[in-house]
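Below are the chains, spelled out letter by letter.
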Amino acid sequence: MSLRHALLGLLADRPASGYDLIHRFKESLANVWPATQSQIYTELTKLADAGKITVSDEGPRGRKEYTITPDGRADLHHWLTEVAPKPITRNETLLRVFFLDALTPAEAITYLTTLETRSATALAELGTLESAVDWTANPFSTNGHIALEWGKRFYRMNQEWAEWAKQQVT
């Protein structure tokens, strides 16, 4: 996934200003694709220059509202249907597991306990988010709930795996 396609996807849902997009990013996509304010504004400029989005309204203090163009929708559609996601090939957490024997058993248990705790914390945070959002408000919300469920399952699996791994080390 690229920032370009994340922004096109958000604008396909509805027009928005850069400020609005930053907040929508923080509320939804930041868990799967973080981006800074400067990255978002830089990419909006590139998308506008490429004709993928257009400024549909200008307000006070230079506020611009962006709307996706037909070319932008075609780009998003192409990416969604014809570009295969890149597989995740690097995992620093698991790389370290290969070398746990370089630690004392107590240090290895501490490492795995930290992973277990982080996963439990992330799982709890997603549970809090799940209860705070109306997931039926629109298709974007429904799809966000599907992504949230993946996150819950991922963190639950990591938590269970770390608990199991601690038993293997002792």
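Basis of the calculations
Residues numbered from 1 in each chain as written. Predicted model: local features only at pLDDT ≥ 70, side-chain atom pairs only at ≥ 80, totals over all residues. Heavy atoms only, no water. Helix = DSSP H or I, 4+ residues; strand = E, 2+ residues; numbered from the N terminus. Rg over C-alpha atoms; globule rule 2.2 N^0.38 Å. Buried < 20%, exposed > 50% of the residue type's maximum accessible area, 1.4 Å probe, protein only. Contact = heavy atoms within 4.5 Å. Polar contact = N/O pair within 3.5 Å; in protein donor to acceptor, adjacent residues only side chain to side chain. Patch = residues over 30% accessible without salt bridge, like charges linked within 9 Å, V, L, I, M, F, W, Y side chains within 5 Å. Areas by Shrake-Rupley, 256 points an atom, 1.4 Å probe, with all protein chains shown as cover. Salt bridge = Lys/Arg side-chain N within 4 Å of Asp/Glu carboxyl O. Axes fitted to C-alpha atoms, helices over the stretch in contact; angles between N-to-C directions. Parallel < 35°, antiparallel > 145°, perpendicular 65-115°, else oblique. Left-handed = near helix turned anticlockwise from the far one by under 90°. Core = buried A, V, L, I, M, F, W, Y, C linked by side-chain atoms within 4.5 Å. pLDDT = per-residue confidence, 0-100. Pairing = 2+ DSSP bridges.

Caption draft 1: Geometry of the overall build of the chain. A tally of regular secondary structure across the chain gives seven helices and three strands. The secondary structure elements of the chain, listed N-terminal to C-terminal, are α-β-α-α-β-β-α-α-α-α. For the chain, the C-alpha radius of gyration of 20 Å lies well beyond 15 Å, the compact-globule estimate for 170 residues. Principal-axis analysis of the C-alpha atoms gives the chain an extent of 60 × 35 × 30 Å. For the chain, with 170 residues in total, the buried portion stands at 26%. Expressed as a percentage of contacts within the chain between residues at least 6 apart in sequence, the contacts between residues at least 24 apart total 54%.

Caption draft 2: Broad picture of the side chain of His 5. Here His 5 is to be found in helix α1 (residues 3–13). For His 5, the side chain forms a polar contact with the side chain of Asp 75, separated by 3.2 Å. Non-local contacts of His 5, meaning those with residues more than four positions away in its chain, are made with Asp 75, Leu 76 and Trp 79.

Caption draft 3: View of unusual backbone geometry. Phi at Arg 61 takes a positive value of approximately 55 degrees, unusual for a residue other than glycine. With respect to the element layout, Arg 61 can be found in the loop between β2 (53–58) and β3 (64–68).

Caption draft 4: How the structure looks around the side chain of Ser 141. The residue Ser 141 is located in helix α7 (residues 139–169) in this model. Excluding anything up to four places from it in sequence, Ser 141 contacts Asp 134 and Trp 135.

Caption draft 5: Geometry of the environment of Thr 114. Within the secondary structure, Thr 114 is located in helix α6 (residues 105–132). In this structure Thr 114 comes out as partly exposed when scored by relative accessible area, which is 32%. Spatially, the C-alpha atoms of Thr 114 and Gln 159 are 9.8 Å apart, while their sequence positions differ by 45 residues.

Caption draft 6: Structural view of a nonpolar patch on the surface. Residues Leu 95, Phe 98 and Phe 99 make up a contiguous nonpolar surface patch of roughly 380 Å² in combined accessible area. Relative to the assigned elements, Phe 99 resides in the loop between α5 (92–97) and α6.

Caption draft 7: Focus on the packing of α1 against helix α4 (residues 70–82). Contact geometry for α1 and α4: axes closest at 10 Å, N-to-C directions at 120 degrees. Classified by the angle between their axes, α1 and α4 sit oblique to one another. Note that α1 runs across α4; the crossing there is left-handed. In this structure, α1 contributes Arg 4, His 5, Leu 8, Gly 9 and Ala 12 to the contact, and α4 contributes Gly 72, Arg 73, Asp 75, Leu 76 and Trp 79.

Caption draft 8: Fine view of the nonpolar core. Counting 18 residues, the largest nonpolar core has Leu 7, Leu 11, Leu 21, Phe 25, Ile 40, Leu 44 and Ile 53 as the members making the most contacts within it. Elements that contribute at least two residues to this core include exactly α1, α2 (18–27), α3 (37–49) and β3. It is α1 that contributes the most residues to this core, six residues altogether. What Ile 40 contacts, discounting residues up to four positions off in sequence, is Leu 3, Leu 7, Ile 22, Phe 25 and Ala 35. Ranked by size, the runner-up nonpolar core spans seven residues in total, among them Ala 108, Leu 115, Ala 162 and Ala 165.

Caption draft 9: Main features of the confidence of the model for the chain. Across the chain, the average pLDDT comes to 92, with 99% of residues at 70 or higher. Element-level mean pLDDT values for the chain span from 89 in α2 up to 96 in α4.

Caption draft 10: Just the pairing of β2, in detail. Pairing of β2 with β3 involves five bridges; the strand directions are antiparallel. Considered in β3, the bridge of Thr 54 is made with Thr 67. With antiparallel pairing between neighbouring strands as the criterion, β2 and β3 make up a hairpin whose turn holds five residues, including Arg 61 at a positive phi of roughly 55 degrees.

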